[in-house]
Amino acid sequence: MPTESDPPTAIGDILVSSRSLAEYRAMFALTDDDLRRRILDCPGGTASFTAEVCAAGGDVTACDPVYGRCTTIELAAMAQRESDRGNRYCRSHADDYVWTFFSDPDDHAFSRNEAGRRFSDHHLFHPERYIAGALPKLPFGDDAFDLVLSSHLLISYADRFDRSFHHNAVRELMRSQRPRYASSRSSLWIRPSIRISTPATVSRRRRHHH
Ligand SMILES: C[S@@+](CC[C@H](N)C(=O)[O-])C[C@H]1O[C@@H](n2cnc3c(N)ncnc32)[C@H](O)[C@@H]1O
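Student: Help me understand the environment of T72 in this model?
Tutor: As for its position among the elements, T72 is in helix 3 (residues 72-92). For the pair T72 and F125, spaced 53 residues apart in sequence, the C-alpha separation works out to 9.5 Å.

Structure representation (structure tokens):
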């Protein structure tokens, strides 16, 4: 059971998670118009956001350090393993979550497994959409994107990345993005075009799913 003393990232090593387009839409309040822009998803992890938006004709680039270390087969195995780890955490801390987006831990497991599968299928045929890189220094030119999304790294793992890292990372995300048009309940909007997921927005003790 969770305790008051659980740190926000008690899950352990940074999870390589597999969120879906539906999760990204809800988390970042994305509109159809947003999804027609040139988008950077950093960190992309094994999320299916890039795969799903590209399949619908969109233009998304995902960036994550794991893309430089693993083949598609290794990433597929990682997606499965990490979804299982995240799901085990959700199950053992079920009372600590608000089960509105997912109905229960089984629903969470199903969605994450499906997203991981879509990610690895897309990575196999479109590796050019998945660029290895790590904040706070990204391999993109200035203003390469119209919209930058950053889910579940910044702020979420504030116990292991210090203020200076966050400062430099946000500056870097701003550099890669053209200012265009300046929060939703579950994301911090540096500008309307730079959105960072925030944990624990529902109440002080309850969090988003890992
Ligand atoms: C919790 S996952 C989030 C993945 C995806 N955005 C999602 O919501 O499903 C965190 C990701 O951050 C990546 N990561 C770790 N250090 C990083 C860094 N310095 N810069 C960019 N990504 C990093 C990890 O490899 C991991 O895939």
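Student: Which parts of the structure should I look at to understand the site of the ligand?
Tutor: Surrounding the ligand, one finds 19 residues, the nearest of these being R19, P43, G45, L135 and S151. For the shell around the ligand, the residue count by class is eleven nonpolar, six polar and two charged.

Student: Would you mind showing me how to read the packing of helix 3 against helix 4 (residues 105-125) here?
Tutor: Helix packing geometry: the angle between the two helix axes and the distance between the axes. At a closest axis distance of 9 Å, the pairing of helix 3 and helix 4 adopts a crossing angle of 165°. As judged from the angle between their axes, helix 3 and helix 4 are roughly antiparallel. Relative to helix 4, helix 3 is oriented so that their crossing is right-handed. Seen from helix 3, the contacting residues are T72, L75, A76, A79, Q80, S83, G86, N87, C90 and R91; seen from helix 4, they are P105, H108, A109, R112, N113, G116, F119, S120, H123 and L124. Residue classes in the contact of helix 3 with helix 4 are distributed as eight nonpolar, ten polar and two charged.

Reading guide: rules and limits
- Residues numbered from 1 in each chain as written.
- Predicted model: local features only at pLDDT ≥ 70, side-chain atom pairs only at ≥ 80, totals over all residues.
- Helix = DSSP H or I, 4+ residues; strand = E, 2+ residues; numbered from the N terminus.
- Near = placed C-beta within 6 Å.
- Nonpolar A, V, L, I, M, F, W, Y, C, P; charged D, E, K, R; others polar.
- Axes fitted to C-alpha atoms, helices over the stretch in contact; angles between N-to-C directions.
- Parallel < 35°, antiparallel > 145°, perpendicular 65-115°, else oblique.
- Left-handed = near helix turned anticlockwise from the far one by under 90°.
- Contact = placed C-beta atoms within 7 Å.

Functional significance is not addressed by these values, which are geometric in nature.
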